[in-house]
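So the chains spell out like this:
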Amino acid sequence: MTLQVAVLGYGLAGSVFHAPLIAADPRMRVAVVVTSSAERKAQAEREHPGVRVVATADELFADLTGIDLVVIATPNRTHAPLAGQALEAGLPVVVDKPFAVSVAEAEDLVERAEQAGLALTVFQNRRWDGDFLTVRALAEAGRLGQVRRFESRFERWRPVPKGGWREVGDAADGAGLLFDLGSHLIDQALTLFGPVRSVYCELDQRRAGVQTDDDAFLALTHGSGVRSHLWMSAVAPQLGPRFRVLGSQAGYVSYGLDPQESALRAGRRPDDGKPWGTVESEHWGVFGAEPAVEPVPTIAGDYPAFYAALAAALLDGGPVPVDPRDAVATLRVLESARRSAADGEVVTA
């Protein structure tokens, strides 16, 4: 059986991250795209021959004939309402991050999905970044010893704002870098080291015309004792290490972003017959303790694993690739971070 997938939204998330990965999975097909843009309509028809393109979500929900899965890749504030409509229609759902703009919305979706017996998952693709897979493997193998500090950064140099809703929206829009990049960084930290007991956050608006955070720092204290320090910035003229992980026996430091996003942006597909997600040796991270520090191979990134696992969940009864309750936990940290930034204090998560 080939799962027929409807993708709501064909901007960056829909056209670059979701649709190519869906199309590359042998058990899935992009059947419908929802976009009101004539340019994006033409793009979708060119990239996915035979796709049906409709202008609005209402038009899709009025005729779901043959659809097996709905993917929500629309602006953040619409994630929960559209996911709710899909669940109401009796269809499983993938929601792009952030899962919702509040814990209450997220918990409601999880409860509705459980009551309906429908699969619900969240697209946390950065769990399949090669550098993150490498950190996870080193930690789980005990090669770092007891991890004490986890540093993680998504930094960019964009001194001129683009002006979209992520920069001029408000909390109800889920705007700002905290909800955008922070959703990834927090999910990775929780995946590695478990729940947090306290949160400290600094949020700043550095660029003229920006109405939400474009420079952020987050300090998490995990119940396990690990401290995670997370940076998100659009105004970093020099970039720090992507990961710096310090353990009782060794550390790991890596620079640069996983290559899968740039490959997808360039129009590559994971099923094109060429190596996917691999990192050349000159870009490997370094592992060890001074003075015995040496490069360690980066595990190949694997974004296709998300939709492969989802196909297995829907067709074979396996687990969804990301438990939506993990996304609820991430939102709890995000809400705690906003409270901390407003009060200037450490808050209990």
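Note: the structure precedes this text.
Residues numbered from 1 in each chain as written. Predicted model: local features only at pLDDT ≥ 70, side-chain atom pairs only at ≥ 80, totals over all residues. Heavy atoms only, no water.

Caption draft 1: Representation of the sheet that holds strand 2 (residues 28–34) within the structure. Strand order in this open sheet of six strands is 3-2-1-4-5-6, and the pairing throughout is parallel. With one partner strand each, in any of the chains shown, strand 3 (52–54) and strand 6 (120–123) form the two edges of the open sheet. With direction set aside, neighbouring strand axes in the sheet form an average angle of 25 degrees. Where strand 5 (residues 93–96) meets strand 6, four bridges bridge the pair, whose relative direction is parallel. Bridge assignment links D96 to a residue of strand 6, and that residue is F123. Here helix 1 (residues 12–24) sits on the sheet and contacts strand 1 (3–8), strand 2, strand 4 (69–72), strand 5 and strand 6; the angle it forms with strand 2, its principal contact strand, is near 150 degrees. (Pairing = 2+ DSSP bridges. Helix = DSSP H or I, 4+ residues; strand = E, 2+ residues; numbered from the N terminus. Axes fitted to C-alpha atoms, helices over the stretch in contact; angles between N-to-C directions. Contact = heavy atoms within 4.5 Å.)

Caption draft 2: Here's a closer look at the side chain of S254. Take S254: it is sitting in strand 12 (residues 251–254). Other than its neighbours up to four places away in sequence, S254 contacts D131, P241, R242, F243 and G285.

Caption draft 3: Up close: the packing of aromatic side chains. Tallying each qualifying case throughout the model produces seven aromatic pairs. Relative to Y307, the ring of F306 has its centre 5.0 Å away and its plane inclined at 80 degrees; by these criteria the two rings are edge-to-face. F306 gets classed as buried once you look at its relative accessible area, which sits at 0%. Counting every residue linked through ring pairs, the aromatic cluster contains F123, W128, F306 and Y307. The ring centre of F287 lies 4.6 Å from the NZ or CZ of R143, which sits over that ring. A cation over a ring is seen here: R153 above W231, with NZ or CZ 3.9 Å from the ring centre. (Phe/Tyr/Trp six-rings, centres within 6.5 Å; stacked < 30°, edge-to-face > 60°. Buried < 20%, exposed > 50% of the residue type's maximum accessible area, 1.4 Å probe, protein only. Lys NZ or Arg CZ within 6 Å of the ring centre and 35° of its normal.)

Caption draft 4: Looking closely at the sheet that holds strand 14 (residues 292–296). The strand order across the open sheet formed by nine strands is 14-13-12-11-7-10-9-8-15, and the pairing between neighbours is mixed. A strand with exactly one partner marks an edge of an open sheet, and here the two such strands are strand 14 and strand 15 (347–348). In the sheet, strand 7 (residues 147–155) pairs with strand 10 (residues 227–233) via seven bridges, with the strands oriented parallel. For R149, the partnering residue across the bridge sits in strand 10 and is R227. Across the sheet, helix 6 (residues 130–140) is in contact with strand 7, strand 11 (243–247), strand 12 and strand 13 (285–289); its angle to strand 12 comes to roughly 175 degrees.

Caption draft 5: Looking closely at the side chain of E151. Checked against the element boundaries, E151 lands in strand 7. Relative accessible area serves as the criterion here: at 8%, E151 is assigned to the buried category. Contacts of E151, omitting those with residues within four sequence positions, involve H229, W231, R242, F243 and R244.

Caption draft 6: Quick look at the environment of L185. Summarising the element assignment, L185 is placed in helix 8 (residues 177–193). For the pair L185 and L203, spaced 18 residues apart in sequence, the C-alpha separation works out to 15 Å. Discounting chain neighbours no more than four positions away, the residues touching L185 are S152, R153, F154, L230, W231, M232 and R242.

Caption draft 7: Structural detail: the packing of helix 5 (residues 103–116) against helix 11 (residues 324–343). Close contact between helix 5 and helix 11 brings their axes to 9 Å; oriented N to C, the two are set at 170 degrees. The orientation of helix 5 relative to helix 11 falls into the category roughly antiparallel. Together, V103, A106, E107, V110 and E114 of helix 5 and P324, R325, V328, L331, R332 and E335 of helix 11 make up the contact between the two elements. In terms of residue class, the contact of helix 5 with helix 11 is built from six nonpolar, no polar and five charged. (Parallel < 35°, antiparallel > 145°, perpendicular 65-115°, else oblique. Nonpolar A, V, L, I, M, F, W, Y, C, P; charged D, E, K, R; others polar.)

Caption draft 8: Fine view of the environment of L203. Within the secondary structure, L203 is located in strand 8 (residues 196–204). Among the residues examined, L203 registers a relative accessible area of 27% and is labelled partly exposed. Taking the C-alpha atoms as reference points, L203 and A216, separated by 13 residues in sequence, lie 4.6 Å from one another. Ignoring sequence-local partners within four residues, the contact set of L203 consists of L178, D213, D215, A216 and A341.

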